[in-house]
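# Structural characterization, general
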Protein chains: 2
Amino acid sequence: MLRSHTCGELNINNCNQEVVLCGWLQRSRDLGGMTFVDIRDRYGITQAVFNMETNSQLCLQARKLSREYVLQLKGVVRERENKNLKIPTGEIEIEVNEIKVLNPSKIPPFTIEDNTDGGDELRMKYRYLDIRRDRVKNNLLLRHKLSILVRNYMNDLGFIEIETPFLIRSTPEGARDFVVPSRMNPEQFYALPQSPQQFKQLLMVGGYDKYFQIVRCFRDEDLRADRQPEFTQIDCEMSFVEQEDVLNTFEAMVKHLFKEVKNLNFDSFPRISYEDAMKYYGSDKPDIRFDMKLTEITHLVQNCGFSVFDSAEAVIAISVKNSSEYTRKQLDELTEMVKKSPFNAKGLVYIKCNNDDSFKSSVDKFYNEEQLSNIAKSVNAKKGDLILIMAGEKERTQNAMGLLRLEMATRLNLRDNDKFSPLWVVDFPLLEWDEETFRFYAKHHPFTAPKPEDYHLLFKEPKKVRANAYDLVINGVEIGGGSIRIFDRKMQMDMFEALGLNEEEIIQQFGFILEAFEYGAPPHGGIAFGFDRLCSIFGGSESIRDFIAFPKNNNGRDTMTDAPQRLSQKQLEELNIRVIEKN
Amino acid sequence: MLRSHTCGELNINNCNQEVVLCGWLQRSRDLGGMTFVDIRDRYGITQAVFNMETNSQLCLQARKLSREYVLQLKGVVRERENKNLKIPTGEIEIEVNEIKVLNPSKIPPFTIEDNTDGGDELRMKYRYLDIRRDRVKNNLLLRHKLSILVRNYMNDLGFIEIETPFLIRSTPEGARDFVVPSRMNPEQFYALPQSPQQFKQLLMVGGYDKYFQIVRCFRDEDLRADRQPEFTQIDCEMSFVEQEDVLNTFEAMVKHLFKEVKNLNFDSFPRISYEDAMKYYGSDKPDIRFDMKLTEITHLVQNCGFSVFDSAEAVIAISVKNSSEYTRKQLDELTEMVKKSPFNAKGLVYIKCNNDDSFKSSVDKFYNEEQLSNIAKSVNAKKGDLILIMAGEKERTQNAMGLLRLEMATRLNLRDNDKFSPLWVVDFPLLEWDEETFRFYAKHHPFTAPKPEDYHLLFKEPKKVRANAYDLVINGVEIGGGSIRIFDRKMQMDMFEALGLNEEEIIQQFGFILEAFEYGAPPHGGIAFGFDRLCSIFGGSESIRDFIAFPKNNNGRDTMTDAPQRLSQKQLEELNIRVIEKN
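Residues numbered from 1 in each chain as written. Chains lettered and ligands numbered in written order. Predicted model: local features only at pLDDT ≥ 70, side-chain atom pairs only at ≥ 80, totals over all residues. Heavy atoms only, no water.

## Some points on the overall build of chain A
Scanning chain A for helices and strands turns up 16 helices and 23 strands. C-alpha extents for chain A along the principal axes are approximately 90 × 75 × 55 Å. Taken across its 583 residues, chain A has 58% of its residues classed as buried. For chain A, contacts bridging at least 24 residues in sequence account for 66% of all contacts bridging at least 6. Taken as a whole, chain A presents about 24,600 Å² of accessible surface, with 46% of it coming from carbon and sulfur. (Helix = DSSP H or I, 4+ residues; strand = E, 2+ residues; numbered from the N terminus. Buried < 20%, exposed > 50% of the residue type's maximum accessible area, 1.4 Å probe, protein only. Contact = heavy atoms within 4.5 Å. Areas by Shrake-Rupley, 256 points an atom, 1.4 Å probe, with all protein chains shown as cover.)

Encoded structure:
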């Protein structure tokens, strides 16, 4: 080893020891007679000291070093005069007697500090410098810690990690696949897995009983801030279980992570049905760190002459605490906001619950004080609160109110990153109707089982069929989702038919899994956690990118290596493909 | 849970307990008054018993069940009369009072037994049935165990697992890439990583100090029995180390695995230079479970009138123990064999060391008894041994003799799968010359550092430059390989130039890593283990396929799901590519 110790481990007990440290020059201070150099590695920072009086040559050498030089310093540990008790090495310094520059460094394009002066683009291009910063480093250390904790926890429960293939068959059902041309099978392509769903089910058919895998998945979708073309799942499946068993097993796992990483204990996670989540939070991933529930007030407001409410399927309200002082301008801003996508609402009605017990509303001419008071009662609004109301088609209004609820919570600082509020959302609908393609899609995926008591409705009233499907939500973020699976050939055929596939298509695309169900498929179910999101929640960040060593930008590019790239003609020929040039 | 216990855990202590078991019907025996049904899951097999006298209806129901039915059995644990002490559950049986068929099964296309009647192709098509067999199951359990052991061992040493991207930039240097067309970046492609080499080096530049990852890698090469298009590596890298540190760290890891999995202890692994490995074993991955070293006897046999030897660069011999009785026919077979690829030798000379101290050789007319005796002495051949000799160009003859050595060891049963002989091969040449493309290639990869003392020869005598590169070999299989890396821009430029790249090509292809070296790259080195091969060595098998849940065949196809497949026209259009139809 080129070093005897790391830059994070020396302390007062090492005094007078001869040591060799390696690391990066974090900063240096030249105080005339003395020069101080902080040397940094993954483990910490140690101060090195050079004395112009006792060793002028070495001190002059030290003064020439600049930021991010890679150094090897030999010297003796000494107790410091000015101690820094904030860091573990802060009581000592190294009296250096030899400097070796292992590698010089150009001046980095931004500072290697938590509050760096580098913008997002610059830091992505020099990601190998960006990840030197403590903030990113701690995120990646947390990610490693979580993965080790998950693996050992699952292993202790008898789950085994089994690697499933990355070069698989493309499945038209679901999101868009990334594909890989096969050179050995001309004109044919592999797909990269969107999840190991079918393989993990085949492992259950194979009798593996309890499977997990922390595994990369791929989805060729247009990207948003919290989406990456490649992402990591904690993928899990169990045999001979019912929904309750899956929930209990993985609730315990998540509690274990909170205990180990945050030293937090939780009671049983609350459970809410999809229907109630939409009703009370306007979202299937409610943030329950704060209350501010939605209340439907349709019955209270219709038939009073206000045509917007009268013609609406639903009128829904929230009460925003201590916000009755909102100005005209602020209210106009809110109204403008809800008219825009993604809210896409027609407008916003407000009722201010004034401190003098009066009300001031944008619909004063339709409702008297008593009526306003009744509305206030029904949404549990007190003096000083602001009631916000939207109306329209029910589901759409729920969604819009859900977003408004989050917006108001953000404005009131109710979304505390140090607070964690997990819950299960259960009883999802099996199918959802798509207006554009005019067909049903599987809400979770086509292998999810309908609730036995709803199965008979599959073709009669498909929208009413609920699934044994569940999501784990923390702080308004969907962290995991799963379901009890179909394991019966006929039920699986019915499901595909309900999705509008004909028999030929079903057999062509899913024949192998249908056949597998005929050779002793056990009842089974599972769950998959978004590992990037889990890390970001534990790390108190909104962006999953901060928890990925080498993420891609919103165009799916890695700006550091400049990928993707054009291929050579030879590569294309070997693969039997041609690129269609864009004009 | 649909069960109270697994099929592997009930024993004499559970007698008279009410239990519920779930599993697959392994076999049933109908003995007139009694019917026995063995029920199997991942954990074991439990016998269930049905009595025609006490419950004829249930017994008749049991008789209708056939192999691989998925059952739920409720009953009471009873002590068996005929105990089977070979299995943990062999002292008890379940007196069943309720059968539930969770899923029936068609008769499987082959038996779910260690010695199955199913051929390779059939078992691959029904891989979900094949993996039910104990043999495959135990392999996958071993694989899981090794991965958990590796991860915890590395974690304990302060290595952190960091996930690197799968959608990366294509690198022309090296093997052929699998590529992925980018929809968002038309006409451009990602590549799938052949290894995370450049990313792990950038993690070292990023200060991560100790990195590992168990990670899938991809190589689009023509396949052999022990190659798969996707394979798994234990990928490792360390900063501020020299070769000795890497060897010691990972030797200790491999010892830990042997101790935990096999309860085997090892002394220090032997080390041999590449030159000596070729000289004594005719291979850079010598199987040292047995001796039978190569001996060069050129000086002993030339100038005696045998033109084949006289004109040869090298004449090399091995002594095969107790094989002097080889018949003419057997020797002819050997001769035919070495003439074929991959030996590609011109012929084979033998000397039998007869038990009466005489010699019988195929070159009797050129060498007298004394000369033959001298040869025998030099190769340490005793009475009863058979000396085999090949001649020709040195490296080619070494390789051919190396293969012959393995062949003879196989014939003599010297390659014992329960014996483990690890060793390090070190001091590999940095470059190797390719006759076909008439240029040098990196023996390991282009980021491997030349030995400092050989660096000055890089352009003068490139073949003589040795690298700080090393392989871990176990039983003649290369399990891992690594090197100390270049971390200096100029040296890296020199290396690319030595590989025949011009400056423009270098900057275009590797500019980002060269630039990274200018911002404080630390000295670093690492190693990567072939995890599939490591598993197969520990499992005592030659084939890595047996240790992969869903492997591909030699055409890169998954015959179970029938991948790869043609894409729809819509998919191709979205990706801006066109398939060139083969005629």
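## Overview of the relation of the copies chain A and chain B
Superposition of chain A onto chain B requires a rotation of 180° combined with a translation of 0.0 Å along the rotation axis, giving an RMSD of 0.1 Å. Those values place the two copies in the arrangement expected of a two-fold rotation axis. Of all interface residues in chain A, 100% are interface residues in chain B too; the two copies therefore contact each other through one and the same surface. (Least-squares fit on C-alpha atoms with pLDDT ≥ 70 in both.)

## Quick notes on the domain arrangement of chain A
By convention, interface size is frequently given as the accessible area that disappears when the constituent parts associate. Along its sequence, chain A is carved into domain 1 (12-103), domain 2 (137-272 + 423-547) and domain 3 (290-415). A C-alpha centroid distance of 37 Å is found between domain 2 of chain A and domain 3 of chain A. (Domains from an automatic or database assignment.)

## Describing the packing of helix 13 (residues 489-498) of chain B against helix 14 (residues 503-516) of chain B
Residue and element names in this part refer to chain B. Running from amino to carboxyl end, helix 13 crosses helix 14 at an angle of 145°, the nearest separation of the two axes being 11 Å. Classified by chirality, the crossing of helix 14 by helix 13 is right-handed. When helix 13 is examined against helix 14, the residues Arg-489, Gln-492, Met-493, Phe-496 and Glu-497 are found in contact with a partner set consisting of Glu-503, Ile-506, Ile-507, Phe-510, Leu-514 and Glu-515. Here the residues of the contact of helix 13 with helix 14 are counted per class, giving six nonpolar, one polar and four charged. (Axes fitted to C-alpha atoms, helices over the stretch in contact; angles between N-to-C directions. Left-handed = near helix turned anticlockwise from the far one by under 90°. Nonpolar A, V, L, I, M, F, W, Y, C, P; charged D, E, K, R; others polar.)

## Observations regarding the packing of aromatic side chains
All names here are of chain A. Summed over the entire model, instances satisfying the criterion amount to 49 aromatic pairs over all chains. Taken together, a centroid distance of 5.9 Å and an interplanar angle of 75° make the contact between Phe-166 and Phe-218 edge-to-face. One end of the pair, Phe-166, is in the loop between strand 6 (160-161) and strand 7 (179-181); the other, Phe-218, is in strand 9 (residues 210-218), with 52 residues separating them in the sequence. You can call Phe-166 buried: its relative accessible area is 4%. We classify Phe-218 as buried; its relative accessible area is 0%. (Phe/Tyr/Trp six-rings, centres within 6.5 Å; stacked < 30°, edge-to-face > 60°.)

## Here's the deal with the pairing of strand 5 (residues 92-103) of chain A
All names here are of chain A. By the bridge criterion, two bridges tie strand 3 (residues 44-51) to strand 5 in an arrangement that is parallel. Bridging across to strand 5, Val-49 finds its partner in Glu-95. Bridge count between strand 4 (residues 70-79) and strand 5: ten bridges; the pairing is antiparallel. Looking at the pairing, Glu-79 lines up with Ile-92 of strand 5. (Pairing = 2+ DSSP bridges.)

## Description of the sheet that holds strand 12 (residues 295-296) of chain B
All names here are of chain B. With antiparallel pairing, five strands are arranged side by side in an open sheet as 12-13-16-14-15. The sheet is open, and its two borders are formed by strand 12 and strand 15 (359-361), each paired with just one other strand. Where strand 14 (residues 349-353) meets strand 15, three bridges bridge the pair, whose relative direction is antiparallel. Note that in strand 15 the partner of Lys-352 across the bridge is Lys-360. In the packing of helix 11 (residues 369-378) onto the sheet, the strands contacted are strand 12, strand 14, strand 15 and strand 16 (386-392), and the crossing angle to strand 15 comes to about 95°.

## Details of unusual backbone geometry
All names here are of chain A. Going from Ala-563 to Pro-564, the amide bond is cis rather than trans, its omega being 0°. The phi angle at Asp-427 is positive, at roughly 60°, despite the residue not being glycine. Mapped onto the elements, Asp-427 comes out in the loop between strand 17 (422-426) and strand 18 (431-434).

## A short note on the pattern of salt bridges
Applying the stated criterion to the full structure yields 96 salt bridges over all chains. Between Glu-91 of chain A and Lys-83 of chain A there is a salt bridge, with the nearest N and O atoms lying 3.4 Å from each other. Here Glu-237 of chain A makes a salt bridge to Arg-485 of chain A, at a shortest N to O gap of 2.7 Å. Remark: Arg-485 of chain A occurs in the loop between strand 21 (477-484) and helix 13 (489-498) and Glu-237 of chain A occurs in strand 10 (residues 230-239); sequence separation between them is 248 residues. With respect to class, Glu-237 of chain A is no different from Arg-485 of chain A; both count as buried. Residues joined in a network through salt bridges with shared partners are Arg-143, Arg-216, Glu-230, Asp-532 and Lys-552 of chain A together with Glu-163 of chain B. (Salt bridge = Lys/Arg side-chain N within 4 Å of Asp/Glu carboxyl O.)

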